[in-house]
Amino acid sequence: MQYLLMLFSDETAWQRLSSVEQEQGVAAYRAYTQALKEAGALVGVNRLQDTGTATTVRLVDGKSQVLDGPYVDSKEQLGGYYLIEAPDLDAALGWAARCPGAGHGTIEVRPIWAYPEQ
Amino acid sequence: MRDDASTQAAISAVARRSYGKLLAYLAADMRDVSAAEDALSEAFAAALADWSVHGCPDNPEAWLMTVARRKAIDGTRRRRTGEAVADQLKVMADAEAECWEAGDDEAIPDRRLALLFACTHPAIEVAIRAPLMLQTVLGVDAKTIASAFLVSPDAMCKRLGRAKQKIREAGIPFTIPERDIWSERLQGVLDAIYAAYSLGWSDMDDADLLRRDLVEEAIFLARLLAELLPQEPETLGLLAGMLYAQARCRARRNQQGEYVPLAEQDTHLWDATMIDQAEVVLRHACTFGRIGRYQLEAALQSAHVERRRSGRTDYAPEVQLYDALYALTGSPVVALNRALAMAELEGPAAAIAVFQALADDKRLADYQPYWAARASLFARAGNRREALHAYDMAIGLACDPAVRRFLQRRQRSMLAE
């Protein structure tokens, strides 16, 4: 099964870190990604730009409305994701606990909707 | 009208003290853990209403037991699982009521042991035994257990439910097993306690109160077991091993909260009283002359703490202990630890050969301590490429942020050399 690990954290905390600490943080993520890869569990991964770059779009009365900023305005924001392959939820939770993001934020684990094969 | 808060506090105190004891009784009588839990929680709910009006009874356990038995009888009738069971419950309730009323703890045999054996029965899936034991014997709630075992609360509730259903439907006995299957069954109980303990031990970040509690609960269970089975050396071995490890708890982090490996720990921070306790328990275990896995593990812990007295660690006896342990368990983790002790005696080359041989073992592929040990071995041997990769794996597989930072520092200092 595939699971999406959504990494929520306070992005201002990252900006407050020294460059050495940031470097160490990036290295921890790199090692984690590597471990996922070697276990054959990694499907995809991306880090997102800060929410300052976010724009939301929706249709109101048939007209598109574009707004500056993220959809949810909260302290902890989606900062990236891992898409992983895991035999079950427990295995996915095991990977989530190892993610550096679990130490400085919260990780939401969601199974991917599986469509019946065509 | 009494103060609700004080009633609540009184009930919590009784629950902590006696939940397992009460549940063990009900479950053994009813041969059904979930029905017993229902009856007991109804009794606690009734206590909340009744005690806040009439005050806490002199013998709260007896009060709860009487009410829970009545609820159990009602429940059994309601479920129509047979008048016979209900009648039997009634007879037993009457017979034992006097003991409970008198508050005579000594007169009531402790049935928690039988409950422990039921929860760790071979017919129960291995992974759920420790959670089941924590829930029934100690009354730890399912949500807390789920967090500690890294499982979703919903899934944990379902699994616990299935296990209890199995106990009821398969007729798993609430008895202490016969001599001939004794050692195998006891192993199940010990393994479950140890599983709970090592889970709590492996991640002892300061913020992680849940897991730290798990360590305390496991030690409590081991003490209880040693009390109930004073003639079993393996039970004592398990208790001693956990006390040794726990004694080093404070030394595992420095003042900045950073991880400190065993060899670099300040021995003054080790809890001397706890180590002495462990020594006494282990020595007592050895007098029975029946060696086993948990006694060997405890003896290894004892070798580790020897540094407290002599200022150095002697690795030769450690290697011998690992040999004995490997002969018993055949575990790759034991082989790995033996190799590390060898590396201290003879240098990294011999250990590296063992590590290369273990590299194909699938059980170690995502075992974080394997990669951490491998990294330090290759770093010592001057093989930077292998060390770098092993550090990456160890960092990537680490759950504990302090351990992750520690390994990153080691990796950086290797690169800076």
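Rules behind the numbers
Residues numbered from 1 in each chain as written. Chains lettered and ligands numbered in written order. Predicted model: local features only at pLDDT ≥ 70, side-chain atom pairs only at ≥ 80, totals over all residues. Helix = DSSP H or I, 4+ residues; strand = E, 2+ residues; numbered from the N terminus. Contact = placed C-beta atoms within 7 Å. pLDDT = per-residue confidence, 0-100. Domains from an automatic or database assignment. Nonpolar A, V, L, I, M, F, W, Y, C, P; charged D, E, K, R; others polar. Axes fitted to C-alpha atoms, helices over the stretch in contact; angles between N-to-C directions. Parallel < 35°, antiparallel > 145°, perpendicular 65-115°, else oblique. Left-handed = near helix turned anticlockwise from the far one by under 90°. UniProt positions renumbered as here; feature names shortened; annotations may be inferred. Core = buried A, V, L, I, M, F, W, Y, C linked by C-beta atoms within 7 Å. Buried ≥ 20, exposed ≤ 12 C-beta atoms within 10 Å, placed from the backbone. Pairing = 2+ DSSP bridges.

Asker: What exactly am I supposed to notice about the overall build of chain A here?
Answerer: Counting its secondary structure elements, chain A contains four helices and six strands. If one aligns the C-alpha atoms of chain A with their principal axes, the spans along those axes are about 50 × 50 × 15 Å. Nonlocal contacts in chain A, meaning residues at least 24 apart in sequence, comprise 75% of its contacts between residues at least 6 apart.

Asker: I tried to follow the confidence of the model for chain B on my own but got confused; where do I start?
Answerer: The predicted coordinates should not be examined in detail at positions where pLDDT is low. All names here are of chain B. Averaged over every residue, the pLDDT of chain B is 85; residues scoring 70 or more account for 89%. Confidence, read as mean pLDDT per element, is least for helix α4 (residues 83–102) in chain B (55) and greatest for helix α12 (residues 272–286) (96). Overall fold confidence (pTM) sits at 0.77, and the ipTM for the predicted complex is 0.73.

Asker: For this particular structure, what's the right way to read the domain arrangement of chain B?
Answerer: Reports often express the size of an interface as the amount of accessible area lost when the parts come together. Residue and element names in this part refer to chain B. Each domain of chain B was delimited in the assignment, giving domain 1 (4–108), domain 2 (110–229) and domain 3 (232–254 + 262–313). Taken together, the contacts link 13 residues of domain 1 with 14 residues of domain 2. Put simply, the parts of the chain that give the side of domain 1 that touches domain 2 at least two residues each are α1 (4–30) and α2 (33–54). Broken down by element, the residue count for the side of domain 1 that touches domain 2 peaks at nine residues, all from α1. Of the residues contributing to the side of domain 1 that touches domain 2, the split by class is eight nonpolar, two polar and three charged.

Asker: Where do I start with the interface of chain A and chain B in this structure?
Answerer: Contacts between chain A and chain B engage 17 residues on the former and 16 residues on the latter. Of all the secondary structure elements, the ones that give two or more residues to the side of chain A that touches chain B are α2 (19–38) and α3 (89–98) of chain A. Take the side of chain A that touches chain B: its biggest share by element is eight residues, from α2 of chain A. Residue composition of the side of chain A that touches chain B, grouped by class: ten nonpolar, four polar and three charged.

Asker: How should the packing of helix α11 (residues 233–247) of chain B against helix α13 (residues 293–305) of chain B be read in this particular structure?
Answerer: Relative orientation and spacing of two packed helices are given, respectively, by the angle between their axes and the distance between those axes. All names here are of chain B. Closest axis-to-axis distance for the α11/α13 pair is 7 Å, and the angle between their directions is 30 degrees. Viewed along their axes, α11 and α13 adopt a mutual orientation that is roughly parallel. Read as a crossing pair, α11 and α13 show a hand that is left-handed. Contacts from Pro233, Glu234, Gly237, Leu238, Ala240, Gly241, Tyr244 and Ala245 of α11 reach α13 at Tyr294, Gln295, Glu297, Ala298, Gln301, Ser302 and Val305. Looking at the contact of α11 with α13 residue by residue, the classes come out as eight nonpolar, five polar and two charged.

Asker: Explain the UniProt feature "domain: YCII-related" (unreviewed entry) in chain A here, please?
Answerer: Per the UniProt entry, the sites bearing "domain: YCII-related" (unreviewed entry) are residues 1–113 of chain A in this numbering. When the span residues 1–113 of chain A is considered, its composition is 35% helix and 39% strand, and the gap between its end C-alpha atoms is 9 Å.

Asker: How should the nonpolar core be read in this particular structure?
Answerer: Proteins that are soluble and globular tend to have nonpolar side chains buried together. Among the nonpolar cores identified, the biggest contains 136 residues, and Leu26, Ile193 and Ala394 of chain B are the most heavily contacted of them. In this structure, Leu26 of chain B is in contact with Ala36, Ala39, Leu40, Ala68 and Ala72 of chain B, ignoring residues within four places of it in sequence.

Asker: Whenever I open this one, the packing of α13 of chain B against helix α15 (residues 315–329) of chain B confuses me. Can you help?
Answerer: Residues and elements named next belong to chain B. Relative orientation of the contacting elements α13 and α15 amounts to 160 degrees, with a least axis distance of 10 Å. Between α13 and α15, the crossing angle belongs to the class labelled roughly antiparallel. For the element pair α13 and α15, the recorded crossing hand is left-handed. Along the contact surface, α13 presents Arg293, Leu296, Ala299, Leu300 and Ala303, while α15 presents Pro317, Glu318, Leu321, Ala324, Leu325, Leu328 and Thr329.

Asker: Whenever I open this one, the pairing of strand β2 (residues 42–47) of chain A confuses me. Can you help?
Answerer: Along a regular strand, successive side chains alternate from one face of the sheet to the other. All names here are of chain A. Here β2 lies mainly on the outside; zero of its six residues are buried. In the sheet, β2 pairs with strand β5 (residues 76–85) via five bridges, with the strands oriented antiparallel. The partner of Val45 across the bridge, within β5, is Tyr82.

Asker: Would you mind showing me how to read the sheet that holds strand β1 (residues 2–10) of chain A here?
Answerer: Strands pair in a sheet through their backbones, by hydrogen bonds, and they do so in one of two ways: parallel or antiparallel. Residues and elements named next belong to chain A. Taken in spatial order, the four strands make up an open sheet running β2-β5-β1-β6, and their pairing is antiparallel. On the outer flanks of this sheet lie β2 and β6 (105–111), each paired with one strand and no other. Between one strand axis and the next, the sheet turns through 20 degrees on average, direction left out of account. With seven bridges joining them, β1 and β6 adopt antiparallel strand pairing. Within β6, the residue paired with Leu5 across the bridge is Val109. Running at roughly 165 degrees to β2, α2 makes contact with β2 and β5 of the sheet. Its contacts with the sheet put α3 on β1, β5 and β6, and the angle it makes with β6 is roughly 160 degrees.

Asker: Hey, could you run me through unusual backbone geometry in this one?
Answerer: Trans is the prevailing form of peptide bonds, just as negative phi is the prevailing case for residues other than glycine. One non-glycine residue, Asp61 of chain A, lies in the positive phi region at around 50 degrees. On the neighbour-count criterion, Asp61 of chain A (5 C-beta atoms within 10 Å) is exposed. Non-glycine residue Arg31 of chain B carries a positive phi angle of around 55 degrees. One can find Arg31 of chain B in the loop between α1 and α2. According to the C-beta neighbour criterion, Arg31 of chain B is partly exposed, with 16 such atoms within 10 Å.

Asker: When you look at helix α5 (residues 112–119) of chain B in this model, what are you seeing that I'm missing?
Answerer: In an α-helix there are 3.6 residues to a turn, and that puts residues three or four apart on one side. Buried residues dominate α5 of chain B, accounting for eight of its eight residues. By the burial criterion, the buried members of α5 of chain B are Arg112, Leu113, Ala114, Leu115, Leu116, Phe117, Ala118 and Cys119 of chain B.

Asker: Help me understand the pairing of strand β3 (residues 55–60) of chain A, please; the structure alone is not making it clear to me.
Answerer: Residues and elements named next belong to chain A. Across the six residues that make up β3, only a small minority, zero, are buried. Strand direction decides the pairing type here: β3 and strand β4 (residues 63–68), joined by six bridges, are antiparallel. The partner of Arg58 across the bridge, within β4, is Gln65. Between the end of β3 and the start of β4, which pair antiparallel, lie two residues, with Asp61 showing a positive phi angle near 50 degrees.

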